[in-house]
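Overview (structure and organization)
If you want the building blocks of each chain, they are given just below.
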Amino acid sequence: DCTTNENAALFFVDRHLAEGRGDKIAFREADGARRALSYAGLAEQTARFAGALARAGVRREERVALVIRDQIEFPVAFWGALKAGAIPVPINTLLATEIYANILEDSRASLLVLSEELWDTLRPALEGNRHLRAVVVIGARRDGCETYTGFMAGAPAAAVAEACGDELAFWLYSSGSTGTPKGVRHVHSALKATCDTFAAQVLGISEADTVFSAAKMFFAYGLGNAMSFPMSVGAGTVLLAGRPTPEAVAGVLKDHRPTLFCGVPTLYAAMLHAQEAAGRRPEHCLRLCTSAGEALPREIGERWQALWGAEIVDGVGSTEMLHIFLSNRPSDIVYGTSGVAVPGYEVRLVGEDGQDVADGEVGELLVRGPSSAEGYWNRRDKSRATFAGHWTRTGDKYERTEGGRYVYCGRADDMFKVSGIWLSPFEVEQALVAHPAVLEAAVVPRKTADGLEKPAAFIVLKPGTDPAVVEELKEFVKARVGMWKYPRWIDIVEELPKTATGKIQRFRLRMVS
Ligand code: 3SK
């Protein structure tokens, strides 16, 4: 029962006016129009966005789809929709037309806001859609759409809709590493829960910080890093709408001087390589970096820290838990592990019989904590399988060391047996990327002529490397992780198949292996 209005927009947006932070810059764009938006500007624009939704006939609990790049309109539309009591649904900006059509159909969004750069991909997805009543384009007018400027013009500022912390606030579509995207439904209180736990107690975020997240805001990891975390303390965020290439990211770190940087392992590996090749020490003001999306290989963490002089806090989260619940801590980092439970969360490792496994044994990771989602939209079976009472199943296999740290072993469905023993593809991949010639690696099972499964590796070499190096890789892996685990085949590829959030899609490699 809530006696006060627990709409999250009050805490994250309007509170800053009462606390005298109205003039402080909340968001600054590093590319595109290079605009800046203060907390006062955000409060005003979100109230008008809520008014514009009401004027367009969008009612409470109706979904508002957002296919918006990392630009100022993203937070305005997200918090504006929350203020209206509508449900914002941020959607990945890198999807194919057919998937947009599926998500728009599945969510039954009644309004869509999109960045103009996405128009060509989205337009065919709108044909035949029976739910959308308006499409708002941020940029130049397109047929059948309203412009964002027109949508906002003259809209009355709306009051913040009454909501309980337990009430549904927003959805995120999760595709995981396989399968069709599922709508993950989150409540108002979940946003603050991730700030009170990971952001406050692990990152120690404060008003003095400026955050830059290479992970985009449509992704739960980016939504926290670049939006709710800094906004929970009145800090600032730098937004990059374009691709976070190593050059673009290094440019933002140099020019905008963020103190917290949030990346993914592939990007750290590519940035390290670029920086080492250039032979220069990077320019930055970072006090801390974070990594998620995939486990960070030990070598990458160690080399990054040596070159950049800033630690990477590697953690594990999920769209279902909204953000990171298992993590290393600043000044207490063991690279190659995912650390320990974030304060406020509990984790367990269970075997196939559902019983807890002993230290040193591999089990599935279960988590319990305040930011767990309500469930999936319209997927009763999947909801029941994932949200088991207070515990949420992650589908990740882990081992706990005697020292109590968690070590990633792979996705439950990526593990396979070699000579009767479970093999973690991740362990072999870590060994491969420890070789100076290897940029990235993925390991999957492949059948021998006798029908037995053995590890096969797909690797991306660092630019300019002689392919003959593969000859030494098998021995290199044997020496590092054990005789039976080495890849019997090594295929050199240009790139590895990945989800938009940087997770390797091993199932795709299994299909071609
Ligand atoms: O993949 C992760 O580790 C992650 C972290 C934070 C939020 C969401 C996700 C999927």
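The preceding data block contains the structure.
So, here's what we can say about the structure.

Parameters and conventions
Residues numbered from 1 in each chain as written. Predicted model: local features only at pLDDT ≥ 70, side-chain atom pairs only at ≥ 80, totals over all residues. Heavy atoms only, no water. Pairing = 2+ DSSP bridges. Helix = DSSP H or I, 4+ residues; strand = E, 2+ residues; numbered from the N terminus. Contact = heavy atoms within 4.5 Å. Axes fitted to C-alpha atoms, helices over the stretch in contact; angles between N-to-C directions. Near = heavy atom within 4 Å. Polar contact = N/O pair within 3.5 Å; in protein donor to acceptor, adjacent residues only side chain to side chain. Nonpolar A, V, L, I, M, F, W, Y, C, P; charged D, E, K, R; others polar. Disulfide = S-S within 2.5 Å. Buried < 20%, exposed > 50% of the residue type's maximum accessible area, 1.4 Å probe, protein only. Salt bridge = Lys/Arg side-chain N within 4 Å of Asp/Glu carboxyl O. Core = buried A, V, L, I, M, F, W, Y, C linked by side-chain atoms within 4.5 Å. Parallel < 35°, antiparallel > 145°, perpendicular 65-115°, else oblique. Left-handed = near helix turned anticlockwise from the far one by under 90°. Phe/Tyr/Trp six-rings, centres within 6.5 Å; stacked < 30°, edge-to-face > 60°. Expected span 1.5 Å × (residues − 1).

It is worth spelling out the sheet that holds strand β3 (residues 63-67) at this point. Pairing is parallel across the open sheet formed by 5 strands, whose spatial order is β4-β3-β5-β6-β7. Because the sheet does not close on itself, it has two edges, and the strands there are β4 (87-90) and β7 (146-147). Where strand β6 (residues 134-138) lies against β7, 2 bridges are found, and the strand directions are parallel. Residue pairing across strands places V137 opposite T147, the latter belonging to β7. Each of β3, β5 (111-115) and β6 touches helix α5 (residues 119-126); the most contacted strand, β5, lies at about 160° to it.

With that out of the way, let us pick up the site of the ligand. Neighbouring residues of the ligand: 13 residues in total, closest F219, Y221, G293, G317 and K503. Between the ligand and G293, the relevant distance is 3.0 Å, taken from an oxygen atom to a main-chain nitrogen or oxygen of the residue. Within the side chain of K503, a nitrogen or oxygen atom sits 2.7 Å from an oxygen atom of the ligand. Elements that contribute at least two residues to the shell around the ligand include exactly α8 (220-233) and β14 (312-317). Of the residues in the shell around the ligand, the class split is 7 nonpolar, 5 polar and 1 charged.

With that out of the way, let us pick up the state of the cysteines. Across all of its chains, the model carries 1 disulfide by this definition. Disulfide pairing places C2 opposite C164 at an S-S distance of 2.1 Å. The chirality of the disulfide connecting C2 with C164 is left-handed, given an S-S dihedral of about -80°. With C2 in the segment before α1 (8-18) and C164 in the loop between α6 (148-152) and β8 (168-174), this residue pair connects regions lying 162 residues apart in the sequence. We classify C2 as partly exposed; its relative accessible area is 25%. Residue C164 is classed as partly exposed on the basis of its relative accessible area of 24%.

Right, let's talk about unusual backbone geometry for a bit. Phi is positive for E61, close to 70°, though the residue is something other than glycine. Residue classification places E61 among the partly exposed residues on the basis of a relative accessible area of 45%. In the Ramachandran plot, N378 falls in the positive-phi region, its phi being about 60° despite a non-glycine side chain. Within the secondary structure layout, N378 lies in the loop between β19 (375-376) and α12 (380-386).

Side chains bearing opposite charge may pair, as long as their charged atoms lie close to each other. What the rule picks out here adds up to 36 salt bridges. Here R60 and E61 are joined by a salt bridge, their closest N and O atoms 3.8 Å apart. Take R60: its relative accessible area is 34%, and that puts it in the partly exposed class. In this structure, R506 and D414 form a salt bridge, with 3.1 Å as the shortest nitrogen-oxygen distance. Placement of the pair is R506 in helix α15 (residues 506-512) and D414 in the loop between β22 (406-411) and β23 (416-418), with a sequence separation of 92 residues. Comparing R506 with D414, the two get one shared label, buried.

Attention now goes to the nonpolar core. F78, W79, V113 and F261 are the most contacted members of the largest nonpolar core, which has 117 residues in total. Leaving out residues up to four positions away in the same chain, W79 has contacts with A8, A9, F12, V13, T46, L191, M227 and M231. Judged by nonpolar contacts, the second largest core, of 23 residues, contains Y100, L104, W119 and W171.

Spatial strand order, β8-β9-β19: 3 strands in an open sheet with antiparallel pairing. The open sheet has two edge strands with one neighbour each: β8 and β19. Each of β8 and β9 (182-187) touches helix α7 (residues 188-202); the most contacted strand, β9, lies at about 80° to it.

Two elements in contact, α1 and helix α3 (residues 73-84), have axes whose closest approach is 9 Å; the angle formed by their N-to-C orientations is 130°. It follows that α1 is oblique to α3 by the angle criterion. Between α1 and α3 the crossing geometry is left-handed. Here A8, A9, F12, V13 and D14 of α1 lie close against α3, whose contacting residues are W79, L82 and K83. Counted by class, the contact of α1 with α3 contains 6 nonpolar, no polar and 2 charged residues.

Our focus in this paragraph is the packing of aromatic side chains. Inspection of every chain in the model, using the stated rule, returns 17 aromatic pairs. Centroid distance F261 to Y268: 5.7 Å. Interplanar angle 75°. Geometry classified as edge-to-face. For the residue pair F261 and Y268, the accessibility class agrees, reading buried in each case. On the basis of an interplanar angle of 80° and a centroid distance of 4.8 Å, the ring pair of Y268 and W304 is categorised as edge-to-face.

Once that is clear, we can look at helix α2 (residues 39-55). The terminal C-alpha atoms of α2 lie 24 Å apart, and with 17 residues this matches the ideal 24 Å at 1.5 Å per residue to within 8%. Buried within α2 we find Y39, G41, L42, A43, T46, A47, F49, A50, G51, A52 and L53. Looking one or two places after α2, you find G57, whose phi comes out positive at around 90°.

Along the chain, F27 turns up in strand β1 (residues 25-29). When neighbours within four sequence positions are excluded, F27 is seen to be in contact with R35, A36, L37, L42, I72, P75, A226, M227, M231, T237 and L239.

Its location among the elements puts S115 in strand β5. Take S115: its relative accessible area is 0%, and that puts it in the buried class. Contact partners of S115, with chain neighbours within four places excluded, come to V67, I68, R69, Q71 and I138.

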